[in-house]
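Coordinate analysis (summary)
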Amino acid sequence: MLGLPSYHSLLTYFRPSSMTMMTASLRNFLFLLLALPNPGAASPNLLPRQTITNAAPQICNNSPDLCSRTYTNITHLGAHNSAFVRDASTGNSIAGNQFYNATVALSAGVRLLQAQVHRLDDGTLELCHTLCSLMDAGPLDKWLEKIRYWMDQHPDDVVTLLLVNSDDASVEEFGAAFEKAGIAKYGFVPPSPSEGYAAWPTLAGMIAAGTRLVTYIASITASSQYPYLLPEFDYVFETPYNILSLDGFGCDLDRPSSAGTATNAISKGMLPLLNHFAYTSLTSDIQIPDASDVNTTNSPSTTTTGALGLHVNNCTGLWGVKPVYLLVDFYNRGPSIDTADRLNGIQPVGREKEPSGSSATALWTRFLSAQGLVVFSVFWGLVLSDI
Ligand SMILES: *[C@@H]1O[C@H](CO)[C@@H](O)[C@H](O)[C@H]1NC(C)=O
Ligand SMILES: *[C@@H]1O[C@H](CO)[C@@H](O)[C@H](O)[C@H]1NC(C)=O
Ligand SMILES: *[C@@H]1O[C@H](CO)[C@@H](O)[C@H](O)[C@H]1NC(C)=O
Ligand SMILES: *[C@@H]1O[C@H](CO)[C@@H](O)[C@H](O)[C@H]1NC(C)=O
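Residues numbered from 1 in each chain as written. Chains lettered and ligands numbered in written order. Predicted model: local features only at pLDDT ≥ 70, side-chain atom pairs only at ≥ 80, totals over all residues. Heavy atoms only, no water.

For the protein chain, the name recorded in an unreviewed UniProt entry is Phosphoric diester hydrolase-like protein, with Chaetomium thermophilum as its organism.

Digging into the environment of Asn97
Positionally, Asn97 belongs in the loop between strand 1 (76–79) and helix 4 (102–107). By relative accessible area, which is 0% here, Asn97 ends up buried. Between the C-alpha atoms of Asn97 and Phe84, which are 13 residues apart in sequence, the distance is 5.9 Å. Aside from chain neighbours lying at most four places away, what touches Asn97 is His80, Asn81, Phe84, His129, Pro289, Asp329 and Phe330. One polar contact links Asn97 to His129, side chain to side chain, over a distance of 2.8 Å. (Helix = DSSP H or I, 4+ residues; strand = E, 2+ residues; numbered from the N terminus. Buried < 20%, exposed > 50% of the residue type's maximum accessible area, 1.4 Å probe, protein only. Contact = heavy atoms within 4.5 Å. Polar contact = N/O pair within 3.5 Å; in protein donor to acceptor, adjacent residues only side chain to side chain.)

Some words on the pattern of salt bridges
Under the criterion given, the structure shown has eight salt bridges. Put simply, Glu173 and Arg119 hold a salt bridge, and the shortest N to O gap is 2.9 Å. A residue pair is termed long-range when its members are at least 10 positions apart, and Glu173 in helix 6 (residues 171–180) and Arg119 in strand 2 (residues 112–119) qualify at 54 residues. Linked by salt bridges that have partners in common, Arg148, Asp152 and Lys185 make up one network. (Salt bridge = Lys/Arg side-chain N within 4 Å of Asp/Glu carboxyl O.)

Considering the state of the cysteines
One way to say it: the disulfide is the covalent bond shared by the sulfur atoms of two cysteines. The tally for this structure, following the rule as stated, stands at three disulfides. With a sulfur-sulfur separation of 2.1 Å, Cys60 is cross-linked through a disulfide to Cys67. Disulfide Cys60 to Cys67: torsion about the S-S bond roughly 105°, handedness right-handed. Both residues of the pair, Cys60 and Cys67, belong to the buried class. With a sulfur-sulfur separation of 2.0 Å, Cys128 is cross-linked through a disulfide to Cys132. Its S-S torsion of about 90° marks the bond between Cys128 and Cys132 as right-handed, since a negative value means left-handed. (Disulfide = S-S within 2.5 Å.)

Thoughts on the site of ligand 4
Taken together, Ser292, Asn295 and Arg333 make up the full set of residues near ligand 4. At 2.4 Å, a side-chain N or O of Asn295 approaches an oxygen atom of ligand 4. Taken by itself ligand 4 offers 360 Å² of open surface, and the protein chains cover 34% of this. (Near = heavy atom within 4 Å. Areas by Shrake-Rupley, 256 points an atom, 1.4 Å probe, with all protein chains shown as cover.)

Section: the packing of aromatic side chains
Inspection of the entire model under this criterion finds nine aromatic pairs. On the numbers, 6.2 Å between centres and 45° between planes, the contact of Tyr216 with Tyr235 is tilted. A residue pair is termed long-range when its members are at least 10 positions apart, and Tyr216 in strand 6 (residues 213–218) and Tyr235 in helix 8 (residues 232–235) qualify at 19 residues. With 5.6 Å between their ring centres and 70° between their planes, Phe237 and Trp319 make a pair best called edge-to-face. With a gap of 82 residues between them, Phe237 in strand 8 (residues 236–238) and Trp319 in helix 11 (residues 308–319) connect regions that are remote in the sequence. Each of the two residues, Phe237 as well as Trp319, counts as buried. Ring pairing ties together the aromatic residues Tyr71, Phe188, Trp200, Tyr216, Tyr235 and Tyr325, which thus form one cluster. Arg212 extends its terminal NZ or CZ atom over the ring of Tyr186, reaching a point 4.5 Å from the ring centre. (Phe/Tyr/Trp six-rings, centres within 6.5 Å; stacked < 30°, edge-to-face > 60°. Lys NZ or Arg CZ within 6 Å of the ring centre and 35° of its normal.)

What about the packing of helix 5 (residues 140–153) against helix 6?
Where helix 5 contacts helix 6, the two axes come as close as 8 Å, and the packing angle between them is 45°. Taken as axis vectors, helix 5 and helix 6 run oblique relative to one another. The way helix 5 lies across helix 6 gives a crossing that is right-handed. Across the interface between the two elements, Leu140, Asp141, Leu144 and Glu145 from helix 5 touch Phe174, Ala177, Phe178 and Lys180 from helix 6. Residue composition of the contact of helix 5 with helix 6, by class: five nonpolar, no polar and three charged. (Axes fitted to C-alpha atoms, helices over the stretch in contact; angles between N-to-C directions. Parallel < 35°, antiparallel > 145°, perpendicular 65-115°, else oblique. Left-handed = near helix turned anticlockwise from the far one by under 90°. Nonpolar A, V, L, I, M, F, W, Y, C, P; charged D, E, K, R; others polar.)

Some points on the packing of helix 11 against helix 12 (residues 337–344)
Where helix 11 contacts helix 12, the two axes come as close as 9 Å, and the packing angle between them is 35°. The handedness of the crossing between helix 11 and helix 12 is right-handed. Contacts between helix 11 and helix 12 involve Leu308, Gly309, Val312 and Asn313 on the former and, on the latter, Thr339, Arg342 and Leu343. By residue class, the composition of the contact of helix 11 with helix 12 is three nonpolar, three polar and one charged.

Points about the pairing of strand 9 (residues 271–275)
Successive side chains on a regular strand alternate, one facing one side of the sheet and the next facing the other. Burial analysis of strand 9 places five of its five residues in the buried class, which makes it a mostly covered element. Here strand 9 shows a buried face lined by Leu271, Leu273 and Asn275 and a second buried face lined by Pro272 and Leu274. Sheet analysis places strand 8 next to strand 9, joined by three bridges and oriented parallel. By the bridge assignment for strand 9, Phe237 is matched with Pro272. In this region the chain leaves strand 8, passes through helix 9 (residues 262–267) and returns to the parallel neighbour strand 9; the handedness of that crossover is right-handed. Sheet topology note: the strand 9/strand 12 (residues 325–328) ladder contains three bridges and is parallel. Paired with Leu274 across the bridge in strand 12 is Leu326. (Pairing = 2+ DSSP bridges. Right-handed = clockwise from strand over helix to strand, strands pointing away.)

Right, here's the structure in full:
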C-alpha cells in the first residue's frame, strides 16, 4: 500500500460541498476505490470482464504474424533424415543425421521433416538410412503416428513431410501407412503449381480447413485416391545435395533436371528447397555427414563461407524469391532456425528447447571408432548416393 492514499484520506478529499459536487465526487470516489488494491483480497479482479476473456491472438507456426501469410511466403526449416537420430536411443549411431528426434524437432520450431522409406521383405514400409541393416528407425506408420499425435496437440501448426521412396513403393502402400497412423485426415491438397505461389492458402486457412500436413514423396505416381500424397518434383525443385566442401553451396537447380534452370522452375510455380548439409571424407573412400563443421554450416552468419545465412542470401538474390524450404543436418546447431526466423521476419513464441544431454565431442569420437570405419567401409558407396 506504500504511496497510496488510505480510504479515509480519499473520503476527506472528496468531501462534497454541494449536491452536484457530491454526485460527481461520489462517482470519482467509487472509481478510485475500485482502482485501489483491495487489502482484503489476494488478487482483485476489477477489470471489465470482456477485457479478461478476450481471445489470445492465433499463433501459427510459432508466430501470430505467420497466420495471414500464404504457405509459400514462409520459409519452413527442415531436418534432413529426421528419423535417423544420433542419441541414446540409437546408441549414438554414426548413421544419424540429427541429435534430436522428429517430434522434439517440431517442438523446437522445425516444420519440415525429411526421411527415407524402404520396403522390408514382408512389405512393411520402414524408415531406414541407406540400408535397413545400417540403421532402422522402425515402421513408417509408427513414426507418422507420433507426428499425428504431435499435430493433435498443436492445432495451429502446419507441418510438411518429404519422404524418399527408396524402394519404389506404390502410392497405395504409402496411403495405407498414412491411414493406419490416423494422419491422412490432415493431408493437404495444394493448388496446381501453374496457378502460382499466390494461389496457396494462408496458414490460418489451412488450419481452419483442418488440412495442415503437406506431404511430398520422391518419387511417386499421383493418385486421386490419395490426392494429398504429392509427387515431390511436380511441386518442388532442389539445389545440389552432395556437397563436400563448405564453399560448395550453390543455387543452381539440381533436381528435377527436366525443370531447366531455377529461374524457369520458379516461373512455373515450383517451390525452392535449399539443401544445406555437407559431407566430409573420412578417407578417400568414406564419406559421412560433416558434424565437425556443423556450427559453421548451420550458422546464421551472412559473411562466413559455408554458413546457412550466406547461402540463403546468395540464392534469394539470384532467384528474386526466398527459399520456401531449408534442409539441414543437426538442425539444433547454428542454430539453423535463426536463419528461417530472419527470412520470415518473426520473433518466435511457444518453442520448446531440446532436452540437454547430447555431447557432440563424444559423438565425433565415436565416428572415428574402428567399428564406425568398418560400417562405412562397407556402405560408403550407398552413403554417397544418400539424399
Ligand atoms: C510476403 O509476406 C510479407 C510480410 O507480410 C509481405 O510484405 C509480402 O508482400 C508477401 N509477399 C507476397 C509475394 O505475398
Ligand atoms: C522423441 O522423443 C520423445 C522423448 O523421448 C518421445 O516422447 C517422442 O515420442 C519421440 N518422437 C519420435 C518421433 O520418435
Ligand atoms: C552463389 O551461388 C552461385 C550459383 O550457384 C555460385 O556459383 C556462387 O559460388 C555462390 N556464392 C557464394 C558466395 O556462395
Ligand atoms: C559447436 O557449438 C556447441 C555449442 O553450441 C559446442 O558445444 C560445440 O563444442 C561446438 N562444436 C564444435 C566442433 O566447435
